[in-house]
Amino acid sequence: MCRADEKPKTRDLINEWKGACVCVYGCGQWGLQMYLLLRENGLKTDFFSDRDGSKKGYVVDGVSCITCEELLSGEKGNIVLIVAIAHGEGIADDFRRLGFREVLYYKDVRNQLYSGMPERQTEESLMETEHWRELKREIEKVVLAGGIPVEEKRDRVLRLVEEGGGRTQ
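Since the structure is predicted, the reported quantities are computational estimates derived from the model, not experimental observations.

Rules used throughout
- Residues numbered from 1 in each chain as written.
- Predicted model: local features only at pLDDT ≥ 70, side-chain atom pairs only at ≥ 80, totals over all residues.
- Heavy atoms only, no water.
- Pairing = 2+ DSSP bridges.
- Helix = DSSP H or I, 4+ residues; strand = E, 2+ residues; numbered from the N terminus.
- Contact = heavy atoms within 4.5 Å.
- Axes fitted to C-alpha atoms, helices over the stretch in contact; angles between N-to-C directions.
- Salt bridge = Lys/Arg side-chain N within 4 Å of Asp/Glu carboxyl O.
- Buried < 20%, exposed > 50% of the residue type's maximum accessible area, 1.4 Å probe, protein only.
- pLDDT = per-residue confidence, 0-100.
- Polar contact = N/O pair within 3.5 Å; in protein donor to acceptor, adjacent residues only side chain to side chain.
- Expected span 1.5 Å × (residues − 1).

Some words on the sheet that holds strand E5 (residues 79-83)
As summarised here, the arrangement of the 6 strands in space is E3-E4-E2-E1-E5-E6, forming an open sheet in which the pairing is mixed. Since the sheet does not close on itself, it has two edges, and those belong to strand E3 (59-60) and strand E6 (102-105), each with one partner. Against the sheet, helix H4 (residues 89-97) engages strand E1 (21-25), E5 and E6, with an angle of about 180° to E6.

Points about the pattern of salt bridges
Applying the stated criterion across every chain yields a total of 6 salt bridges. Between Glu70 and Lys56 there is a salt bridge, and its shortest N-O distance comes to 2.5 Å. With a gap of 14 residues between them, Glu70 in helix H3 (residues 68-73) and Lys56 in the loop between strand E2 (47-50) and E3 connect regions that are remote in the sequence. Here Lys56 falls in the partly exposed class, since its relative accessible area comes to 46%.

A short note on the confidence of the model for the chain
Scored by pLDDT, the chain has a mean of 78; 76% of the residues are at 70 or more. Within the chain, the element-level pLDDT minimum falls on helix H6 (residues 123-127), averaging 52, and the maximum on E2, averaging 96. Taken together, the stretch residues 1-7 has pLDDT below 50 and engages in 19 contacts with residues farther than four places along the chain or on a different chain. Contacts of residues 165-169 to residues separated by more than four positions or lying in other chains number 14 contacts, the stretch itself having pLDDT below 50.

Focus on the environment of Asn111
Residue placement: Asn111 occurs in helix H5 (residues 106-114). Of note is the side chain of Asn111, whose polar atom sits 3.4 Å from the side chain of Arg110.

Let's talk about helix H2 (residues 29-40)
The end-to-end C-alpha separation of H2 is 16 Å, in line with the 16 Å expected for 12 residues at 1.5 Å each. Here H2 has its buried residues at Gly31, Leu32, Gln33, Met34, Tyr35, Leu36, Leu37 and Leu38. Gly42 sits one or two residues past H2 and shows a positive phi near 75°.

Side note on unusual backbone geometry
The residue Asp61 is not glycine, and still its phi comes out positive at about 50°. Mapped onto the fold, Asp61 is located in the loop between E3 and strand E4 (63-67). Take Asp61: its relative accessible area is 35%, and that puts it in the partly exposed class. Of note, the phi angle at His87 is positive, near 55°, even though the residue is not glycine. Here His87 lies in the loop between E5 and H4.

What follows is the structure, given as structure tokens:
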């Protein structure tokens, strides 16, 4: 499915997920962060899903978003589902009851990927690098901007993510 970058934590996830499709549930801030975290660790995201039907067709680096209805109507046994929304633990439990192969919560995946790092290099220190701060500021400017149609905001945010934090006009 994807290749390890010789990090034991990443290889563990790859072995656990072998042959499965990886779906990030949530196409908002947490979903994009999870996608970037997986990508940085050499893990492939096959698709996104979101309960907001207007996000259907969003594409980040060639990875598209399907609706929750499409996710639920598909083959559940071959999907690793990462619930990447705030307070989504209950939603993760719901997906487990619906028969998904493996359902993980955002924080669980993040913690596994960060395990084994030196103690002083915490998630906060990683996320507070200048790169992340700049990307977060740029995304917040676009999301909070008034008078911009949702579709244009979506395009600008996705462009920011694809460019790794570059500025939009």
